[in-house]
Structure formats: C-alpha cells, structure tokens
Amino acid sequence: MIYGKTMIHTESLKFEYPDSSFHLSIAHFAVKAGEKVAVVGPSGSGKTTLLNLLAGILTPMAGSIQVGETAVSDLHDAGRRDFRIRNIGFVFQDFELLDYLSILDNILNSYRITDALKLTGEVRQRAIHLSNQMGIADHLKRHPGELSQGEKQRAAICRALLPNPDLILADEATGNLDPDNKTRILDLLFESVAAHGSTLVAVTHDHELLPRFDRVIDFQDFRTGGTS
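These lines cover the structure that appears in this document, whether it is placed above or below. (Residues numbered from 1 in each chain as written. Predicted model: local features only at pLDDT ≥ 70, side-chain atom pairs only at ≥ 80, totals over all residues. Heavy atoms only, no water.)

**Digging into helix α1 (residues 47-54)**
Taken across its eight residues, α1 has seven buried, putting it largely inside the fold. Turning to α1, its buried residues number three or more, namely Lys47, Thr49, Leu50, Leu51, Asn52, Leu53 and Leu54. Of the residues flanking the end of α1, it is Gly56, one or two places downstream, whose phi is positive at about 80°. (Buried < 20%, exposed > 50% of the residue type's maximum accessible area, 1.4 Å probe, protein only. Helix = DSSP H or I, 4+ residues; strand = E, 2+ residues; numbered from the N terminus.)

What follows is the structure, encoded as structure tokens:
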C-alpha cells in the first residue's frame, strides 16, 4: 500500500431501501490509504448503509464507488463478493457468526467459501495467534451460543483481520466490550493498520475513542436524507 493515495472515493452516491422512507445521498466521500477514520452521527442516519455500500454488500441506485483500483459499483454480484473477501475486513455490528460452526471455523470461514483465499497451515496459525491476542484462544472449539457478546465481537474482529485486508470497515467494533477490552481491541485494529498499510473506517458512538483516529467525519455534514 502506498500511503497518501486514495483508498475510497465515491461520487454522487444515492441509495434507497424498498418500501421505506430512508434515502441516502452523498455528493462526495473520500479516504486516503493508511488513514484511520471515525464516522459519527445519530442512529438511523445511514452510517451502516454507507459501510455496506463500500463493501459491495449493497449496490447504489446511482453514483460510483471506487475502492483502491476497483470500481466496486461496476462489479456483478459474484465479483463484489470475491473482491470483498479478498480486500475488505468487515466487522459487523451484529457479528454475523454462524451458530453451527466453532469459533475457529467462524474465524476461518472466509477461506472456506471462496477460491479467492487459500486456507493453509500458516493461515490457521495466524488465526490462533489472533485469538490469543484477543483473549479468546480458550474458546476456539466452542460455538457462538456459548460466548458472551464481547467474546463474539472479538471473534468477529479476528475473522476480519485474518486476511490482512487493505481496507477494514468496522461497525461499532467496540460497542459490546468493557473498557479494558475496548482499549485492547482498538490497539489491535490500529496495529493491523500500521503493520499492513491498511485503511480503517470505523463507525462509532464512543466519543472517548475519537482522539485516537486521524480524522473524524460527522455523517450529518455531508449527507442528506434517512430516517432509519
């Protein structure tokens, strides 16, 4: 990764959910490679929707989304999925862990569902190393239903960091954590960004964390519309 180059660039972005009054309109949004950006704003304003658009989980009704050298908004469904798995680590607000898989298999799941990533012994060792750093190494054989909310969150973060992604999108990544683990997790996210030249965009309601980011974006300053 070359620092200072643009990692995220959107123009004239518009999105609406069917049968809903929600609408999102963003004239311009850009993040430089290597930046750690926090996005703040009221609940229901569309911050999670923006992350889903950047990741290609949702597709815009109009406008363009560029991540690195890839025009994500131009890719077909399978192309967006493979691009996301290879290049984006997504920490979901509701974890998105699969109840029927062990915690280790949840962490490794991205490697099992696509040929875009290769599951090797080195990857397995990295997964175990990350789980140690997150303090959940003793839970790798358990299933999500046996873990606390904070432990599930840490497993989800391990999964997101495992492929050393160029871009990390975190939706309230520290929202279910106690103060000690909140600091630990943020440290690990920032260490991963520094070690791999990654870019971090984090939605957060925790204003105590904001001084640690390179830049804070108030979502209300550059978007219009949205009530849910």
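The rest of the description comes next.
**Concerning unusual backbone geometry**
Positive phi is not limited to glycine here, since Asn164 has a value of about 50°. Take Asn164: it is sitting in the loop between α5 (149-161) and β7 (167-171). Even without being a glycine, Glu172 presents a positive backbone phi close to 55°. Summarising the element assignment, Glu172 is placed in the loop between β7 and α6 (179-196).

**Let's talk about the packing of aromatic side chains**
For the structure shown, the criterion picks out four aromatic pairs. Each ring, one from Phe15 and one from Tyr17, has its centre 4.7 Å from the other, and the planes form 90°; the classification is edge-to-face. A relative accessible area of 7% means that Phe15 is categorised as buried. Ring geometry for Tyr17 versus Phe22: centroids 5.2 Å apart, planes at 55°, classification tilted. Under the relative-accessibility criterion, Phe22 is labelled buried at 1%. Here the aromatic residues Phe15, Tyr17 and Phe22 are joined through ring pairs into a cluster of three or more. Lying over the aromatic face of Phe190, Lys36 brings its terminal NZ or CZ to 5.2 Å of the ring centre. (Phe/Tyr/Trp six-rings, centres within 6.5 Å; stacked < 30°, edge-to-face > 60°. Lys NZ or Arg CZ within 6 Å of the ring centre and 35° of its normal.)

**Comments concerning the nonpolar core**
Ranked by size, the top nonpolar core spans 40 residues in total, and within it Met134, Ile157, Leu162, Leu189, Leu200 and Phe213 carry the most contacts. Among the elements of the structure, β3 (36-40), α3 (103-112), α4 (121-134), α5, β7, α6 and β8 (199-203) are those that each provide at least two residues to this core. With six residues, α6 is the single largest residue contributor to this core. Counting residues in each nonpolar core, the second largest holds 30 residues, with Phe22, Val39, Leu54 and Ile65 among its members. (Core = buried A, V, L, I, M, F, W, Y, C linked by side-chain atoms within 4.5 Å.)

**With respect to the sheet that holds β7**
Spatially, the five strands line up as an open sheet ordered β6-β7-β8-β3-β9, and their pairing is parallel. Strands with a single pairing partner mark the edges of an open sheet, and in this sheet they are β6 (88-91) and β9 (215-218). Put simply, the sheet's adjacent strands are angled 15° from each other on average, direction ignored. Bridge count between β3 and β8: four bridges; the pairing is parallel. (Pairing = 2+ DSSP bridges. Axes fitted to C-alpha atoms, helices over the stretch in contact; angles between N-to-C directions.)

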